[in-house]
Amino acid sequence: MIKDVPVLAITPGEPAGIGPECTIRLAHEHPELRLLAVADQGILESAAKSLGIDMDISPWKPGEPVTSGRLSCFQQDLAQSAVPGQLNPANAPYVVNTIKSAVRLVRSGQAGALVTGPVHKGVINDGGIAFSGHTELLAELGGIKKVVMMLAAGDLRVALVTTHLPLRDVADAITFENVQQTLQITHHELVNRFGIDKPVIQVLGLNPHAGEGGHLGTEDDQIIAKVIQSCRDKNIDAIGPVPADTAFTRSRLAKCDAVVAMYHDQGLPVLKHASFGTAVSITLGLPFIRTSVDHGTALDIA
């Protein structure tokens with residue numbers, strides 16, 4: 001076994017989706033890793049069988065070692081048997097409980113980082129659990145008021161001021177404090193997690209043409225520009241507000257280490273167009289490392 005390989009706690013996510021298959025493939029293709037699945041062992045065994053993979057899936061209990069060459073499983077019981085491609089609200093508590101259990105393992109030092117598979121927000125809410133996404137739940141579990149969602153694909157990194165909000169609510173969420181905290185957290189993590197000594201952050205405007213000097217909205221001049229100046233006064237190298245329709249040109253991206261977008265569908269469609277299937281979602285600002293896939297549950301191919 002490679003020395004100092006951290007234990008990765010994995011939540012496969014929606015049991016009827018592609019997450020269990022992704023977990024099995026990861027363990028099969030990377031036997032050098034120390035993987036701890038927080039899941040129902042039966043759903044993992046079914047996924048391995050459907051893929052034709054002979055996988056050593058071993059029951060695990062807190063305090064036991066996690067070794068490479070096998071997939072350890074911290075048992076979490078499904079409420080009802082999962083059928084690939086068929087959502088079942090009865091299993092919503094199971095999905096949320098796997099996340100909570102995995103966070104406890106990471107925070108107690110029994111795992112070095114958390115990797116989450118895709119969940120289906122709709123069916124979790126249908127199951128009677130108010131759920132807006134991993135990011136928000138992890139902030140609550142980590143005792144953190146503000147975290148930042150970032151997707152990364154190589155040198156292209158996009159962080160978000162707001163995450164899973166209806167579009168009509170976005171403008172109200174673009175406050176001085178929210179934008180400032182996002183820039184500060186992004187800068188801190190680029191330095192401390194990514195090892196970039198003096199990161200440059202390109203900040204998008206909210207409105208078309210970054211507000212066109214106030215003619216297309218006031219948020220860009222009255223809020224975003226003032227936050228950028230405040231951050232620059234604190235030695236955070238922020239640029240903008242930059243019109244979103246030109247921010248992702250090669251010349252602009254070559255001059256920055258990350259882009260901060262104001263809302264979900266302002267920044268992520270560009271990144272996913274460039275790197276769908278290979279990008280990684282990262283939650284910045286947590287007291288532990290959490291990464292995730294950049295895709296959904298893929299019920300149609302599960």
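Please refer to the structure placed before this passage.
Worth saying up front: this structure is predicted, and the values here are computed from it rather than measured.

(A) Broad picture of the overall build of the protein chain. Counting secondary structure elements, the protein chain contains ten helices and twelve strands. Here the C-alpha radius of gyration of the protein chain, 20 Å, is about what a compact globule of 302 residues would show, namely 19 Å. Overall, the C-alpha framework of the protein chain stretches about 60 × 45 × 35 Å when taken along its three principal axes. Looking at the protein chain as a whole, 49% of its 302 residues qualify as buried. The long-range share in the protein chain, meaning contacts at least 24 apart out of those at least 6 apart in sequence, stands at 72%. In the structure as shown, the protein chain presents an accessible area of about 14,200 Å², 51% of it carried by carbon and sulfur atoms. Positive and negative side-chain charges of the protein chain, numbering 24 and 31 respectively, have mean locations separated by a distance of 5 Å.

(B) Just the pairing of strand β2 (residues 34–39), in detail. Of all six residues in β2, six are buried; the element is thus mostly enclosed. The alternating pattern of β2 places Arg34, Leu36 and Val38 and Leu35, Ala37 and Ala39 on opposite faces, both of which are buried. Summarising the sheet, strand β1 (residues 7–11) and β2 pair through four bridges and their orientation is parallel. Across the sheet, Val7 pairs through a bridge with Arg34, a residue of β2.

(C) Expanded view of the state of the cysteines. Counted according to the given criterion, the structure contains zero disulfides. Take Cys73: it sits in no disulfide, and the sulfur closest to it among the cysteines is that of Cys22, at 16 Å. The exposure class assigned to Cys73 is buried, which follows from its relative accessible area of 1%. You can see Cys231 has no disulfide; the closest cysteine sulfur is in Cys256, sitting 15 Å from it. On the basis of relative accessible area, Cys231 is assigned to the buried category, the value being 0%.

(D) Just the environment of Ser230, in detail. With respect to the helices, strands and loops of the structure, Ser230 is situated in helix α8 (residues 219–233). Residue Ser230 is classed as buried on the basis of its relative accessible area of 16%. Taking the C-alpha atoms as reference, Ser230 lies 10.0 Å from Phe176; in sequence the two are 54 residues apart. The contact partners of Ser230, leaving out residues within four places of it in the chain, are Phe176 and Gln180.

(E) A look at the packing of helix α7 (residues 176–192) against α8. The geometry of α7 relative to α8 is characterised by a closest axis approach of 9 Å and an angle of 40 degrees between their N-to-C directions. Compared by their axis directions, α7 and α8 come out oblique. For the pair α7 and α8, the sense of crossing is right-handed. Here α7 contributes Phe176, Val179, Gln180 and Leu183 to the contact with α8, which in turn contributes Ile223, Lys226, Val227, Ser230 and Cys231. Residues belonging to the contact of α7 with α8 are distributed by class as follows: six nonpolar, two polar and one charged.

(F) Quick peek at the pattern of salt bridges. The final tally for this structure, using the stated rule, is three salt bridges. A salt bridge links Asp56 to Arg70; the nearest nitrogen and oxygen atoms lie 3.8 Å apart. Taken together, the residues Asp56 in the loop between α2 (41–51) and β3 (57–59) and Arg70 in the loop between β3 and β4 (71–75) connect sequence positions 14 residues apart. The exposure class of Arg70 is partly exposed, given its relative accessible area of 36%. Linking Arg193 and Glu189 is a salt bridge whose minimum nitrogen-to-oxygen distance equals 3.7 Å.

Procedures and definitions
Residues numbered from 1 in each chain as written. Predicted model: local features only at pLDDT ≥ 70, side-chain atom pairs only at ≥ 80, totals over all residues. Heavy atoms only, no water. Helix = DSSP H or I, 4+ residues; strand = E, 2+ residues; numbered from the N terminus. Rg over C-alpha atoms; globule rule 2.2 N^0.38 Å. Buried < 20%, exposed > 50% of the residue type's maximum accessible area, 1.4 Å probe, protein only. Contact = heavy atoms within 4.5 Å. Areas by Shrake-Rupley, 256 points an atom, 1.4 Å probe, with all protein chains shown as cover. Lys, Arg positive; Asp, Glu negative; His and termini not counted. Charge placed at Lys NZ, Arg CZ, Asp CG, Glu CD. Pairing = 2+ DSSP bridges. Disulfide = S-S within 2.5 Å. Axes fitted to C-alpha atoms, helices over the stretch in contact; angles between N-to-C directions. Parallel < 35°, antiparallel > 145°, perpendicular 65-115°, else oblique. Left-handed = near helix turned anticlockwise from the far one by under 90°. Nonpolar A, V, L, I, M, F, W, Y, C, P; charged D, E, K, R; others polar. Salt bridge = Lys/Arg side-chain N within 4 Å of Asp/Glu carboxyl O.

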